[in-house]
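Overview (structure and organization)
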Amino acid sequence: MNERRCGLADSTDALAREANRVPPSTSSRRHPRSVLHRQLPSADRFHRRTITWELAPFRESAQLPRELQRRLLAEAFRSWATVSPVYFREIPAPVEAADWSDRPPADISVSFERLQHGACRHAFDGPGNEVSHARAAGPIHIDADEDFRGTLQQQRRQSTGPSVDLRRVFIHEIGHTLGLLHSARPDSVMHPANLLRQGGPAPQIGAQERRLVQKNYGACSAKVNSVFDWIRTDPERGYPVFNTYFFACEFYWLFDNSAGRPRLGDPRPVGQGWPGVPDGPDAALELVDFDPAGKDNVYLLFFFFGGEFLEFDSAKTAAKPGYPKKIADNFGPKPGYPYSVPDRIDSAFYDYGTGLVHFFKGIWVFIYNPGSARRFKFNNCCESVRRIADRFPTAPGDKPLQTPVDSVYFRLADGGLYFFSGREVWQDVAYSAYRPPAAGVPAAGLLRYRGRASDKWPDLCFPEHSKCDLSEVKLED
Ligand SMILES: [Zn+2]
Ligand SMILES: [Zn+2]
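Below you will find a few notes about this structure. (Residues numbered from 1 in each chain as written. Chains lettered and ligands numbered in written order. Predicted model: local features only at pLDDT ≥ 70, side-chain atom pairs only at ≥ 80, totals over all residues. Heavy atoms only, no water.)

Looking now at the packing of helix α3 (residues 66–81) against helix α4 (residues 166–177). Axis separation between α3 and α4 bottoms out at 9 Å; the angle between their running directions is 45°. With respect to α4, the element α3 is oriented oblique. With respect to the hand of their crossing, α3 and α4 are arranged in right-handed fashion. Along its contact with α3, which presents Gln69, Leu72, Leu73, Ala76, Phe77, Ser79 and Trp80, the element α4 presents Leu166, Arg167, Phe170, Ile171, Ile174 and Gly175. Its residues placed into classes, the contact of α3 with α4 shows nine nonpolar, three polar and one charged. (Axes fitted to C-alpha atoms, helices over the stretch in contact; angles between N-to-C directions. Helix = DSSP H or I, 4+ residues; strand = E, 2+ residues; numbered from the N terminus. Parallel < 35°, antiparallel > 145°, perpendicular 65-115°, else oblique. Left-handed = near helix turned anticlockwise from the far one by under 90°. Contact = heavy atoms within 4.5 Å. Nonpolar A, V, L, I, M, F, W, Y, C, P; charged D, E, K, R; others polar.)

What follows deals with the pattern of salt bridges. Applying the stated criterion to the full structure yields 27 salt bridges. In this structure, Lys399 engages Glu424 in a salt bridge whose closest nitrogen and oxygen atoms are separated by 2.8 Å. Placement of the pair is Lys399 in the loop between α8 (388–391) and β21 (407–411) and Glu424 in strand β23 (residues 424–428), with a sequence separation of 25 residues. We classify Glu424 as buried; its relative accessible area is 17%. Across the pair Asp414 and Lys456 runs a salt bridge, and its minimum N-O distance is 3.9 Å. Remark: Lys456 occurs in helix α9 (residues 453–456) and Asp414 occurs in the loop between β21 and β22 (416–421); sequence separation between them is 42 residues. Taken together, the shared-partner salt bridges in this structure form one network comprising Glu67, Arg70 and Glu90. (Salt bridge = Lys/Arg side-chain N within 4 Å of Asp/Glu carboxyl O. Buried < 20%, exposed > 50% of the residue type's maximum accessible area, 1.4 Å probe, protein only.)

Here we have four strands laid out as an open sheet, ordered β17-β18-β19-β20, and antiparallel in their pairing. The two strands at the open ends of the sheet, each matched to only one other strand, are β17 (347–351) and β20 (384–387). In this sheet, adjacent strand axes meet at a mean angle of 20° when their direction is disregarded. (Pairing = 2+ DSSP bridges.)

Here the focus is the state of the cysteines. Under the counting rule described, the total for this entry stands at three disulfides. The side chain of Cys220 participates in a disulfide bridge whose partner is Cys461; the two sulfur atoms lie 2.0 Å from each other. In this structure the cystine formed by Cys220 and Cys461 twists about its S-S bond by roughly 95°; its chirality is therefore right-handed. Of the two residues, Cys220 is situated in the loop between α5 (207–217) and β7 (226–233) and Cys461 in the segment after α9; the sequence distance between them amounts to 241 residues. As far as the burial class goes, Cys220 and Cys461 line up, both buried. There is a disulfide in this structure between Cys249 and Cys468, and the S-S distance comes to 2.1 Å. (Disulfide = S-S within 2.5 Å.)

So this is what it looks like as structure tokens:
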């Protein structure tokens, strides 16, 4: 048989199989905890959060440019970084000969090897069959005798047969270095024979592999600045659509609610998708006036940051000209009232039920009547200023909401109102956006503690160090 595959033995012992399994929910647990929750052994684990890698000097494939191999490797490492709490950093090849001696060893050295190689116990076998192997917290070896030229070619002539795709090889073997074993699912990046070029998009690290690497190294967690559903008219279909966005420091994620994970490749820099919006905005606030005929919906999207705010043009995907403006000049008191919306708010949310905006700051919530998206009333603060604990009390016996909040998020996908604070989230179970407005008076909420935000919104992972990264990395046993 000439099946090209990873040379790592498939796991046959039950313990190893269990170690590579996602723990089932408590109700369906049929195995002793000691088996299901077996930790990655110390020798199989990296003990640093930033894991270094190199394409070993003079050990690249001769078939493709070295720079191309480095770029594909960097992309493969980044795809794991976006689903795990660890970071990866390349140790570049030295430029000067004098730099060789003080060059630090890389945690993961990637090299192309032939037949019996170095101290490796595992010999390669020339063209065909075994393509590559790696071990947990160890080096990656790739059989230099394989044909990798199809990695970037769009079409292969029939006679040459399927070609090994270095992108898949890299992603697969990096998975082993992070402690993952083989998967029996043919579409998994960890299937031993899923190494051939298949056309179409880049290979995707699936939900099971995401859970496994986070079981080994810890779940990803972000201190969010702002979470919101961006509603706008789809230019092609002509009706309103929405996407969910998480902002945290210099990054944002588009969260795919149907897939239950961020868009592949996210996060991206804020400035890349949201021109004019500064990193880590304090709050996003969107009001929509829906035209019953569907022709003339009005969307009003503000971002608040420090003492300023801007209006974002959803149709042009750019900040509107004339901004930023000062919060103090535009969200001041209405005649006869003492309060203004403060600078440096924590969050803002628009209640479609009562038509009121809630600005959160510290332990306070400023309840503001904006009129409508079409005729927004500036300098109209405020209907009332209340303690968050009074307006949104936590259910007796539940963990009380921790203030200041990071973001208050009305989630269109389920109609829920969520309060993010650190790694944790609360839900206002009394909230309904669809109840009839009762003379503009908001009813009291009732918050229930929902545990870790990462359980509901997983994979908010940072590809590089960020002060908004709250992931707790498991580096020791
Ligand atoms: Zn493998
Ligand atoms: Zn080897």
